[in-house]
Amino acid sequence: MSRLVVARRVLVGLLAVVVVAAVVGGIVVVTTVRESFPVRSGEASLPGLSGPVTVKRDGSGIPHIYGDSMTDLARAQGYVHAQERFFEMDLRRHITAGRLSELVGPAGLETDKVVRTMGWRRVAEEELPTLEPRTRQLLQAYADGVNRYLRGRSPGEVSAEYSVLGLQLPLGEIEEWTPVDSLAWLKAMAWDLRGDYSDELARARLSGRLSAAQIAAVYPAYDEEAHPPILSADEWSPGRTYTASTPASSAVPSALATGSGDEVVRETTTAGAKAAYAAVEKALAAVPQLVGRGDGVGSNSWVVSGAHTKSGKPLLANDPHLGIGQPGIWIQNSLHCRTVTPECPLDVSGFSFAGVPGVIIGHNGHIAWGFTNLGPDVSDFYLERVVGQTYLRDGAWEPVTSREETIKVAGKPDQHITVRSTTHGPIMSDVLSSARDAGARAPTSQQGDESQDYAVSLAWTGLVPSRTADAIIGFNTATNFDEFRTAARSFAVPAQNLVYADTEGHIAYQAPGQVPVRRAALPKSPPGYWPAPGWDSAYDWSGYLSFDDLPWTVDPKDGVIVAANQEVSGSRSPFLTTEWDYGWRSTRITQRLSGLKQASAADMASVQMDDTDLFAAVLVPALLGVPLDAREGEADQQDLLDFTQEARNLLRSWNHSTPAADSDASAAAAYYNAVWRNLCELTFDDELPADMKSDGGDRWRAAVQKLLADPTNAWWDNKLTPNVTEGRDEILRQALIAARLELTRELGKDPQQWDWGKLHRITLQHMVLGGDTVPGPVRWLFNEGPYDMPGGSAIVNANGWTASEGYAVDWAPSMRMVVDLANLDGSTWINQTGVSGHATDDHYADQVEDWVAGRQRPWPFTPKAVDATDPDVLTLRPDPSATP
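Residues numbered from 1 in each chain as written. Predicted model: local features only at pLDDT ≥ 70, side-chain atom pairs only at ≥ 80, totals over all residues. Heavy atoms only, no water.

Draft legend 1. Main features of the overall build of the chain. Along the backbone of the chain there are 27 helices and 32 strands. Out of the 884 residues belonging to the chain, those deemed buried represent 64%. Considering only residue pairs separated by 6 or more positions, the chain has 75% of its internal contacts joining residues 24 or more positions apart. If you sum the accessible surface of the chain, you get close to 30600 Å²; carbon and sulfur atoms cover 50% of it. (Helix = DSSP H or I, 4+ residues; strand = E, 2+ residues; numbered from the N terminus. Buried < 20%, exposed > 50% of the residue type's maximum accessible area, 1.4 Å probe, protein only. Contact = heavy atoms within 4.5 Å. Areas by Shrake-Rupley, 256 points an atom, 1.4 Å probe, with all protein chains shown as cover.)

Listed below in structure tokens is the structure:
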């Protein structure tokens, strides 16, 4: 079972919590939902304002907020976010504080144990006083706005979810929002988007089970020739030596007293060590996906200069690929100072997180910016030798640091846990079970009769206080690239590719982030490739890369920057990671952009919906070259082979596009993807642990591309067929046959009637009230879908799916936007769901159908454009006599 399934079940399985009788459905639930709808017009009181604030909600319900100070705007934004999305905010707060059990009962306990062990909220508390005074003021004003909306309202009046959950669990009053609640959510975002953590553990678990050559084959090197990096050698070839800018620890490198590098490798991959790694993976799987994680979760972004556009000014496009759900991850909004001055510089619009002040991605009156995940290796697992409450460190035994945590559980007694840490970070291997229960025993014993255990600790940059919140506010107020780049210096986690454009015609790229510098790596491996021996400080972090050493460029000669999670630069210095996206999407985007002349915003939106699968050009010829004639002794198989040939013929004239329905291409895409899913299972899953099966994403495509040129590679042999050694052609043949039989069962006998979208569907599921254990009427209210979807993994229109689990979409573009720097009112945007978090509200899911179809809506920015939408107007006044 994958981490995605486990994580979903943590939240969906909450409803054991809502084994609510079917009586909760129908009119009773609808009435409860409607009681929580916010008032969006008229007047309301918001004490603390320096003057009135106007909230204009356009035809999509998107709030455009106008005020006379930054703190007034932040206070009003908090009020509006609480109106629309407070249950989502509160759920996130409970998860990030390790207090989910207080909201959903025992189903949240494992999540709480893991999050408390990492201490996300503790780090956020340490972070708050380090922020700039302006940022702290805005965080407090935002919290004040949230709390004013909550004041005097019962939980059921705030959001219907509380009423439904309250039928089964004793829920108390809603707590006030705090600035730390906002900062803790940024930790959750960073956790989901950090790079390399799962592959580091996976490689360690596979060692010994597979040969080194087999492991290397499924982690192939990035192909720079086929998939160009973000920056060319001309744009980024610094040619200098990189040094750490900030100490990461005070440890002094040892002389590798533990033995040779090969000995260290052997010990970090023993059976006991692998048991500890498996225990860590079990713990990490208990943390719900809040923005999405895993192979393929990334983003598309690009910017083109005025030399390529009809207007002569840049166009910037962005669509982050994240987890799916209802409500969606983002909330659209605008923050406008009525008169822009140095004291009140906000004039910004875009996509925000409910719970965080400001705009995360969007544009202001001067600049636009987008994010894609950079994915540097910012976490390491350290194998620790532990005896009792001590651990080995450079030949000496040091005490394990520990603290006690109490977890409150709704309807049940409190739970108490002990959190242990080493110098590297929290010990993750015994969060859900002890090291001994996991079988994580070290091969030696010391200190008398006590046996030595293995433990695994986590070093992660997200557990170091940082100033990412300062960067967000800095992006919102920047007016040129120098100011934008200054703000980016504070953007620590999660490290992102930043694309930039401005109304003066400049385009740029910057890689920010807190990226560790490692003292040493295991033999024949890049840094961070394997878990490191914690007993030797030679493998510790020595600091972090200086911001000035991170890649960036401004106004490249070709006037195009494409950042879609591919390799940043061909330079090996500074070291960022080995775990890039393999570049199928970035290459296709570059192809499409190269064919555009006099480009418009509509052209950029069209590129975002491109559904061509470039990998098909690799795989389809191999599939068409496999004989489907009956071999000696297979005369009785000829009918099956002819039956398969009928389906394979779909691929002969296929253009490699993947539409959802109503075309020959859709039928061919259905068969192609079914063949790919079966090929992954036949090639890889016979040798992988049950929880590590191939997901069919970009890395597996890159692996198969190389394996196709090696027809006798060990991976082609199915280990489940003893005394038979398969090769490439036999496995391809079996995949063709298995896919034909599968689609006959699922879609019918006639291949011409198949549609990719009938397999590839999306349901936008509520995180708590959307699962299978919830009564049907409740699910019907809170979920949206299913919808038939085009595209797929490693495709620009990235509606991703997991091959080991079927064809359902489990991550997708969370939003799409195109910013026209010649006419900001000519920009377009679309969200995955809608602004509202209230089921049955007009704006709960009003953008879904446009999002599915690839349509974007006008993005009004100027007051004139906003007023042209005939908005609902809510005036927030400091007068406490106004209606709350």
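Draft legend 2. Focus on the state of the cysteines. Under the defined criterion, the tally for this structure stands at 1 disulfide. Here C337 connects covalently by a disulfide to C344, the sulfurs 2.0 Å from one another. When the S-S torsion is -90°, as for the bridge of C337 with C344, the disulfide is left-handed. With respect to burial, C337 and C344 carry one shared label: buried. (Disulfide = S-S within 2.5 Å.)

Draft legend 3. Fine view of the sheet that holds strand β15 (residues 425-426). On the basis of which strands lie adjacent, the open sheet formed by 3 strands has the order β13-β14-β15 and antiparallel pairing. Looking at which strands have only one partner, the edges of the open sheet turn out to be β13 (401-409) and β15. Pairing of β13 with strand β14 (residues 412-422) involves 8 bridges; the strand directions are antiparallel. Paired with E404 across the bridge in β14 is T418. The sheet strands contacting helix α5 (residues 109-118) are β13, β14 and β15, and the helix crosses β13 at an angle near 150°. (Pairing = 2+ DSSP bridges. Axes fitted to C-alpha atoms, helices over the stretch in contact; angles between N-to-C directions.)

Draft legend 4. Examining the side chain of E88 more closely. Relative to the helices and strands, E88 resides in helix α3 (residues 70-96). Given the relative accessible area of 10%, E88 is considered buried. Apart from residues no more than four positions distant in its own chain, E88 is found in contact with P327, G328, I329 and A354.

Draft legend 5. Summary view of the packing of helix α17 (residues 584-594) against helix α18 (residues 601-608). α18 packs onto α17 with a crossing angle of 150° between their chain directions and a minimal axis gap of 10 Å. Judged on the interaxial angle alone, α18 and α17 are roughly antiparallel. Of the two possible hands of crossing, α17 and α18 adopt the one that is right-handed. Contact with α17, carried on its side by I589, R592 and L593, involves M604, S606 and V607 of α18 and no other residues of that element. Residues that form the contact of α17 with α18 fall into these classes: 4 nonpolar, 1 polar and 1 charged. (Parallel < 35°, antiparallel > 145°, perpendicular 65-115°, else oblique. Left-handed = near helix turned anticlockwise from the far one by under 90°. Nonpolar A, V, L, I, M, F, W, Y, C, P; charged D, E, K, R; others polar.)

Draft legend 6. View of the sheet that holds strand β9 (residues 367-373). Within the open sheet, the 11 strands sit side by side as β1-β32-β2-β3-β6-β7-β8-β9-β18-β19-β23. Their pairing is mixed. Looking at which strands have only one partner, the edges of the open sheet turn out to be β1 (42-45) and β23 (552-554). This sheet shows a mean twist of 15° between the axes of neighbouring strands, independent of strand direction.

Draft legend 7. Representation of unusual backbone geometry. The peptide bond linking V493 to P494 adopts the cis configuration, its omega dihedral lying at -5°. Among the secondary structure elements, P494 is positioned in the loop between α16 (481-488) and β18 (496-502). Looking along the chain, the bond that leaves G785 and enters P786 is cis, with omega of 10°. Inspection of the secondary structure puts P786 in strand β26 (residues 784-788). The residue N565 is not glycine, and still its phi comes out positive at about 75°. The residue N565 is located in the loop between β24 (560-563) and α17 in this model. The exposure class of N565 is buried, given its relative accessible area of 7%. A positive phi is found at A794, a non-glycine position, where the angle reads about 60°.

Draft legend 8. Here's a closer look at the nonpolar core. Core analysis: the biggest nonpolar cluster contains 168 residues, and F475 and L876 have the highest contact counts within it. Broken down by element, the residue count for this core peaks at 12 residues, all from α3. For L876, the residues in contact, after removing those within four places along its chain, are A44, L46, L49, G51, P52, V53, V55, A76 and Y79. Judged by nonpolar contacts, the second largest core, of 72 residues, contains A538, A616, A667 and L682. (Core = buried A, V, L, I, M, F, W, Y, C linked by side-chain atoms within 4.5 Å.)

Draft legend 9. Main features of the packing of aromatic side chains. Enumeration over the complete set of coordinates arrives at 33 aromatic pairs. Between Y529 and W530, the ring centres sit 5.5 Å apart and the planes meet at 75°, which makes this aromatic pair edge-to-face. Pair check on accessibility: Y529 and W530 agree, each one buried. Of the aromatic side chains, those joined through ring pairs into one cluster are W369, F371, F475, F481, F484, F491, Y500 and W552. The lysine or arginine in question, K56, covers the ring of Y66, its NZ or CZ lying 5.3 Å from the ring centre. Sitting over the ring of Y219, R699 keeps its end group 4.0 Å from the ring centre. (Phe/Tyr/Trp six-rings, centres within 6.5 Å; stacked < 30°, edge-to-face > 60°. Lys NZ or Arg CZ within 6 Å of the ring centre and 35° of its normal.)

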